[in-house]
Amino acid sequence: ELKRYGILYLTTFLVLIPLDFLFLGTIAKSFFQSQVGEMLGDVRLVPAILFYLLYIVGVLIFTNASSQATWQSALLYGALFGVFCYATFELTALALLKHWTWPVVMVDISWGAFVTAVSSALDREREALADLLRADPALFEVFRGWIEAYVPYDLVQIDGVPDKDLLDLLPGGA
């Protein structure tokens with residue numbers, strides 16, 4: 001059971017972190033700068049790391065903890081969990097911070113719902129993740145460094161049998 005949670009944590013991590021970095025660092029960067037740029041500073045790594053470590057635990061507990069969970073239920077509960085978590089931050093910021101804007105609130109809550117839903121659903125369906133990465137070599141390169149750094153061989157086995165889907169994600173395949 002512990003190994004199952006380790007695999008779920010790892011696959012959620014491998015999906016959520018690169019997508020969030022891509023969104024925040026490239027796709028929505030100029031939007032956030034135009035809306036609340038005077039409030040933005042350098043990223044503080046310790047709080048950022050703590051957020052992701054804790055957030056992924058929450059994703060697992062509220063979307064994938066049950067062995068009966070399906071990718072469809074994970075998608076739904078992931079979207080809801082993302083809305084609740086991101087709305088908590090965004091609406092609090094809007095209530096307390098002078099320069100926070102409604103467009104930022106709407107974009108970030110929508111993003112939270114999307115990224116959490118996708119990472120939750122793909123977490124349940126590693127084969128879907130493997131297929132996605134095989135279909136798009138550029139996307140695979142985004143994940144490659146994460147996969148090489150964070151997928152120890154013993155985590156890609158279930159009950160001593162290699163998990164083909166996760167092994168396929170490794171450079172060179174199974």
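Conventions used here
Residues numbered from 1 in each chain as written. Predicted model: local features only at pLDDT ≥ 70, side-chain atom pairs only at ≥ 80, totals over all residues. Heavy atoms only, no water. Helix = DSSP H or I, 4+ residues; strand = E, 2+ residues; numbered from the N terminus. Buried < 20%, exposed > 50% of the residue type's maximum accessible area, 1.4 Å probe, protein only. Contact = heavy atoms within 4.5 Å. Areas by Shrake-Rupley, 256 points an atom, 1.4 Å probe, with all protein chains shown as cover. 1 Å grid on protein atoms, 1.4 Å probe; cavity = no way out; pocket = protein on both sides within 12 Å on 5 of 7 lines; lining within 4 Å. Points joined across faces, edges and corners; volume = space filled by probe spheres on them. Nonpolar A, V, L, I, M, F, W, Y, C, P; charged D, E, K, R; others polar. Core = buried A, V, L, I, M, F, W, Y, C linked by side-chain atoms within 4.5 Å. Axes fitted to C-alpha atoms, helices over the stretch in contact; angles between N-to-C directions. Parallel < 35°, antiparallel > 145°, perpendicular 65-115°, else oblique. Left-handed = near helix turned anticlockwise from the far one by under 90°. Phe/Tyr/Trp six-rings, centres within 6.5 Å; stacked < 30°, edge-to-face > 60°.

(A) Inspection of the overall build of the protein at higher detail. Counting secondary structure elements, the protein contains eight helices and two strands. Secondary structure elements in the protein, listed N-terminal to C-terminal, are α-α-α-α-α-α-α-β-β-α. Across the 174 residues in the protein, those meeting the buried criterion constitute 40%. When contacts within the protein are restricted to residue pairs at least 6 apart in sequence, those whose partners lie at least 24 apart make up 72%. In the form shown here, the protein has an accessible surface area of approximately 9700 Å², with 68% of it arising from carbon and sulfur atoms.

(B) A look at the layout of surface pockets. The space that makes up the largest pocket amounts to roughly 1300 Å³. Lining the largest pocket are 30 residues, with Leu-24, Leu-40, Val-43, Ala-48 and Tyr-52 sitting closest to its centre. At the level of secondary structure, the elements contributing two or more residues to the lining of the largest pocket comprise helix 1 (2–27), helix 2 (29–36), helix 3 (45–64) and helix 4 (71–96). Take the lining of the largest pocket: its biggest share by element is seven residues, from helix 3. In terms of residue class, the lining of the largest pocket is made up of 21 nonpolar, three polar and six charged.

(C) Examining the nonpolar core more closely. Counting residues in each nonpolar core, the largest one holds 24 residues, and the members touching the most others are Leu-16, Ile-17, Tyr-55, Tyr-86, Trp-100, Trp-111 and Val-115. Among the secondary structure elements, those contributing two or more residues to this core are helix 1, helix 2, helix 3, helix 4 and helix 5 (102–124).

(D) Geometry of the packing of helix 1 against helix 3. It is the contact of helix 1 with helix 3, at a shortest axis distance of 10 Å, that shows an interaxial angle of 120 degrees. Taken as axis vectors, helix 1 and helix 3 run oblique relative to one another. Here helix 1 runs over helix 3; the crossing is right-handed. Facing Arg-4, Tyr-5, Leu-8, Tyr-9, Thr-12, Phe-13, Leu-16, Ile-17, Asp-20, Phe-21 and Leu-24 of helix 1, the residues of helix 3 in contact are Tyr-52, Leu-53, Tyr-55, Ile-56, Val-57, Val-59, Leu-60 and Asn-64.

(E) Region of the structure containing the packing of aromatic side chains. Under the counting rule described, the total for this entry stands at 11 aromatic pairs. One aromatic cluster in this structure is built from Phe-21, Phe-51, Tyr-52, Tyr-55, Phe-62, Phe-81 and Tyr-86.

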